[in-house]
Amino acid sequence: MEQHIEPFKVKVVEPIVAITREERLAAIRRAGYNLFKLRAEEVYIDLLTDSGTSAMSDSQWAGLMLGDESYAGSRNYFHFEETIRDITGFAHVIPCHQGRVAENLLFSTILAKGQIIPNNSHFDTTRANVEYHAGEARDLLCAEGKDPGTPAPFKGNMDLASLAQLLDEAGPARVPLVMITITNNSGGGQPVSMANIRAVSALCHERGIPLFFDACRFAENAYFIKTREAGYADKSIAEIASEMFSYADGCTMSAKKDGLVNMGGFLATNDGDLAEKIRGLLILMEGFPTYGGLSGRDLEAIARGLREVLDFHYLQFRVGQVASLAEQLHAGGVPIIRPAGGHAVFINAGRFLPHIPPQQLPGQSLAVNLYIESGVRGVEIGTFMFGGEDPATGAPRQAAMELVRLAIPRRVYTTMHMNYVGRALLDLYGKREALQGMRIVKEPPFLRHFSSTLEFVESGGSVTEATVSS
Ligand code: F0G
């Protein structure tokens, strides 16, 4: 595939140092085999997340100096509001400090006990916010989206037949809102087509049910529509985004992704009554509606980042960088979700480690071993993240797919860095039969992947040390 050259040059550098394998082994043991508990200095190439890890542009840094830190009515808020209105068309814009707060505000306001929120796939914080409010988070991903090996252009699409059936059976009384996650992070960062968005919108609106986007990666989704969906090749990313948002009634957004900033988020909607209720809660939880938990300078950086992310050449490089890593892995036989997602390569840990059953967390074993061997940090997105007890039945849950995500920060790593990551995984693939399963020793009631402690099943120590040692 064609490689696109970085459409930027480096103005500031941040040194990174690789510690030794022995030091990494000591670090991961101390961290209870939980990659979230490492110190970041112990990581060489950090692909834990693309969230809040972007490099800001010179324009964004310059914008920080123009921060107006007035408690109320900061000029940066008005720039932020105007930018989001312009891109999304939504009338009411509510800042908050990150995406999960927008979710909490939304579900605290619209969700009653026992109601259902359909989504193509809920992200972990979205699911946790729905379940925390005693709702049911129902994933209705299309069949192609559940088939990791077969390429299809829009594997994030909602299963329309299942959605229609659910909406007919449950009706507006039990479904206060439908969500579409663009792109579909938990299902491999896969995009949703404009046709699918339009169809979901029609199904919702025929029944008087509002449609919201979880819009964290809306620009990457728009890029895929431009490059993959008939009729959009000649439209700008801004035009495509505008059409996407025109089918929805609102969105939650973590600006830490396609806002190209290190912190920030918002909720936007056309529903004035909803916005008013949410602003009331915002004051309680985050702050006055013209800052919502952010500094004036943060609002300015988001306003500028949201414009920059609409640049086609930026997106072409960004999505191309992810696709190149995916191709390197695929060519070496590593099972990945194909095609690559917009922000990450998702390794199919279930197929990489077929000898480890899902309840022994093959993805976590893969991610931990990758760290020990190379200093590259990814994250498990599988039964470790989504398992635990079913809130209704108490039975152990199993994720639909056992994945390890290598999320690529925006504008941060070079092609050499990416080649190193590819080689590290290919090396580990060669040693895969020696990897062993894991079990959780201690876990909290919600979002267990952030703070659980684990061990390898056989010895309680690092099996890698005994069997994969180079
Ligand atoms: N929705 C999606 C689809 C996300 O990917 C995230 C965050 C959120 C909501 C919550 O946003 O972190 O600002 O509160 N995803 C990060 C990730 C954490 O690594 O994928 P937040």
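Bear in mind the structure is a predicted one, so any value in this text is a computation, not a measurement.

Chemist: Just checking my understanding: could you explain the domain arrangement of the protein chain for this structure?
Modeler: You'll often see interface size given as the accessible area lost when the parts meet. Taken as a whole, the protein chain is organised into domain 1 (21-50 + 312-456) and domain 2 (58-308). A straight line from the C-alpha centre of domain 1 to that of domain 2 covers 26 Å. Each partner contributes to the interface: domain 1 provides 31 residues, whereas domain 2 provides 37 residues. Buried surface at the junction of domain 1 and domain 2, summed over both partners, amounts to about 2700 Å²; 62% is from carbon and sulfur atoms. In this structure, the connection of domain 1 to domain 2 is made through 13 residue pairs in polar contact (both at pLDDT 80 or more). Going through the elements one at a time, α12 (312-331), β9 (344-348), α15 (383-386) and β12 (403-407) are the ones with two or more residues in the side of domain 1 that touches domain 2. At 6 residues, the largest contribution of residues to the side of domain 1 that touches domain 2 is made by α12. For the side of domain 1 that touches domain 2, the per-class residue count stands at 18 nonpolar, 6 polar and 7 charged.

Chemist: I tried to follow the side chain of Lys257 on my own but got confused; where do I start?
Modeler: You can see Lys257 is positioned in the loop between β7 (250-254) and β8 (265-269). At a separation of 3.1 Å, a polar atom in the side chain of Lys257 contacts the side chain of Ser51. Sequence-distant contacts of Lys257, that is, excluding residues within four places in its chain, are made with Asp50, Ser51, Ser54, Cys216, Arg217 and Arg410.

Chemist: Explain the packing of helix α7 (residues 194-206) against helix α9 (residues 237-246) here, please?
Modeler: A pair of packed helices can be characterised by two numbers: the angle between their axes and the separation between those axes. Contact pair α7 / α9: the axes reach a minimum separation of 9 Å and the direction vectors enclose 20 degrees. On the basis of the axis angle, α7 is roughly parallel to α9. On α9, the residues that touch Met194, Ile197 and Arg198 of α7 are Ile240, Glu243 and Met244. Here the contact of α7 with α9 is composed, by residue class, of 4 nonpolar, no polar and 2 charged.

Chemist: In this structure, what is going on with the site of the ligand? I would like to understand it.
Modeler: If you check the shell around the ligand, you find 17 residues, and the closest are Thr49, Asp214, Ser254, Lys257 and Arg405. At a separation of 2.8 Å, an oxygen atom of the ligand approaches a polar backbone atom of Gly99. Contact distances for the ligand include 2.7 Å between a nitrogen atom and a side-chain N or O atom of Asp214. When the free accessible area of the ligand is taken as 470 Å², the share hidden by the protein chains comes to 94%. The leading source of residues in the shell around the ligand is helix α4 (residues 99-110), at 3 residues. By residue class, the composition of the shell around the ligand is 2 nonpolar, 8 polar and 7 charged.

Chemist: Would you explain the state of the cysteines in this entry?
Modeler: Any covalent bond linking the sulfur atoms of two cysteines counts as a disulfide. With the rule as written, the count across this model stands at 0 disulfides. With no disulfide partner, Cys204 has as its closest neighbouring cysteine sulfur the one in Cys251, 15 Å distant. What makes Cys204 buried here is its relative accessible area of 0%.

The rules behind the values
- Residues numbered from 1 in each chain as written.
- Predicted model: local features only at pLDDT ≥ 70, side-chain atom pairs only at ≥ 80, totals over all residues.
- Heavy atoms only, no water.
- Domains from an automatic or database assignment.
- Contact = heavy atoms within 4.5 Å.
- Buried area = accessible area lost by both parts, 1.4 Å probe.
- Polar contact = N/O pair within 3.5 Å; in protein donor to acceptor, adjacent residues only side chain to side chain.
- Helix = DSSP H or I, 4+ residues; strand = E, 2+ residues; numbered from the N terminus.
- Nonpolar A, V, L, I, M, F, W, Y, C, P; charged D, E, K, R; others polar.
- Axes fitted to C-alpha atoms, helices over the stretch in contact; angles between N-to-C directions.
- Parallel < 35°, antiparallel > 145°, perpendicular 65-115°, else oblique.
- Near = heavy atom within 4 Å.
- Areas by Shrake-Rupley, 256 points an atom, 1.4 Å probe, with all protein chains shown as cover.
- Disulfide = S-S within 2.5 Å.
- Buried < 20%, exposed > 50% of the residue type's maximum accessible area, 1.4 Å probe, protein only.

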